[in-house]
Amino acid sequence: MRGRFISLEGGEGVGKSTQLRRLAEALRADGREVVETREPGGSPGAEAIRALLLEGETDRWTPEAEALLFAAARADHVARLIRPALERGAWVLCDRFLDSSLAYQGGAGGLDETAIRQLHQIGSDGLMPDRTLLLELPGSDAAKREFARDNGRLDRFGRKTGEYHDRVAGTFRKLAEADPQRFRAVNAEGAMEEVTDRLLAALADIR
Ligand code: TYD
């Protein structure tokens with residue numbers, strides 16, 4: 001018996017964490033075990049790496065070092081939390097996964113996509129989500145929401161340029177188009193309830 005592995009992806013401030021909580025509630029109502037987690041982090045070791053990644057100056061890490069730290073955090077998270085949960089039949093909902101590395105360190109940061117996939121192969125035996133929900137918002141709205149939420153106190157990635165975040169969004173879109181089997185792009189605009197309904201509809205075929 002194997003559970004289902006669902007990742008949520010998107011730029012900053014698209015409402016991923018709220019939607020992840022709402023999705024988990026809806027899926028629990030079906031009587032399943034649902035594990036909610038996030039990256040970078042999700043296990044004690046990966047949470048320690050998270051602090052290294054999100055704090056400090058924007059240029060604290062080279063793109064290469066940054067990609068290795070994300071892959072290391074992911075390897076620990078997969079081994080300690082995600083795989084055991086899937087093996088006991090749980091559904092795992094993860095706020096960001098490999099596609100974030102492909103979009104941020106790859107498309108926006110300039111690292112080679114193949115290299116990032118190789119790191120994932122080495123670290124996590126290439127584990128991929130059964131479904132990836134890509135939440136999309138027009139860039140300017142996302143920036144506004146993020147600013148309102150954090151009152152201007154953004155982490156290392158939130159402080160990068162608008163151009164960087166446009167490349168992130170463009171890469172997510174390209175990844176989704178290249179793998180329509182795994183990805184569903186979902187419009188994150190509108191009422192919270194409506195967005196949750198769209199996300200649930202995008203899981204209907206694997207529920
Ligand atoms: P977080 O505060 O969790 O952001 P959000 O609420 O936007 O999900 O911080 C995660 C940041 O790390 C976010 O800016 C995206 C970035 N990130 C990467 O650059 N690569 C990755 O592989 C992951 C998982 C996240």
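Shown above is the structure to which this text applies.
Residues numbered from 1 in each chain as written. Predicted model: local features only at pLDDT ≥ 70, side-chain atom pairs only at ≥ 80, totals over all residues. Heavy atoms only, no water.

Draft legend 1. Up close: the site of the ligand. Looking at the ligand, there are 16 residues lining it, with Glu12, Lys16, Arg96, Ser101 and Gln105 nearest. The contact in question runs from an oxygen atom of the ligand to an N or O atom on the side chain of lysine 16, over 2.7 Å. Take arginine 74: an N or O atom from its side chain is 2.9 Å from an oxygen atom of the ligand. Within the complex, 93% of the 540 Å² of free accessible area of the ligand lies under protein. Elements with a contribution of two residues or more to the shell around the ligand: helix 2 (44-54), helix 3 (63-87) and helix 4 (98-108). Tallying contributions element by element places helix 4 first for the shell around the ligand, with four residues. (Near = heavy atom within 4 Å. Polar contact = N/O pair within 3.5 Å; in protein donor to acceptor, adjacent residues only side chain to side chain. Areas by Shrake-Rupley, 256 points an atom, 1.4 Å probe, with all protein chains shown as cover. Helix = DSSP H or I, 4+ residues; strand = E, 2+ residues; numbered from the N terminus.)

Draft legend 2. Structural context of the packing of helix 1 (residues 16-28) against helix 8 (residues 192-201). Interhelical geometry of helix 1 versus helix 8 gives an angle of 60 degrees and a closest axis separation of 10 Å. Taken as axis vectors, helix 1 and helix 8 run oblique relative to one another. Classified by chirality, the crossing of helix 8 by helix 1 is right-handed. In contact with Thr18, Gln19, Arg22, Leu23, Ala26 and Leu27 of helix 1, helix 8 contributes Met192, Glu193, Val195, Thr196, Leu199 and Leu200. (Axes fitted to C-alpha atoms, helices over the stretch in contact; angles between N-to-C directions. Parallel < 35°, antiparallel > 145°, perpendicular 65-115°, else oblique. Left-handed = near helix turned anticlockwise from the far one by under 90°. Contact = heavy atoms within 4.5 Å.)

Draft legend 3. A look at the pairing of strand 1 (residues 4-9). The buried fraction of strand 1 is high, at five of six residues. As paired elements, strand 1 and strand 3 (residues 91-95) share five bridges and run parallel to each other. Note on strand 3: the bridge partner recorded for leucine 8 is aspartate 95. In this sheet, strand 4 (residues 131-136) lies alongside strand 1 in parallel orientation, the contact comprising four bridges. Among the inter-strand pairings, serine 7 is bridged to a residue of strand 4, identified as threonine 132. (Buried < 20%, exposed > 50% of the residue type's maximum accessible area, 1.4 Å probe, protein only. Pairing = 2+ DSSP bridges.)

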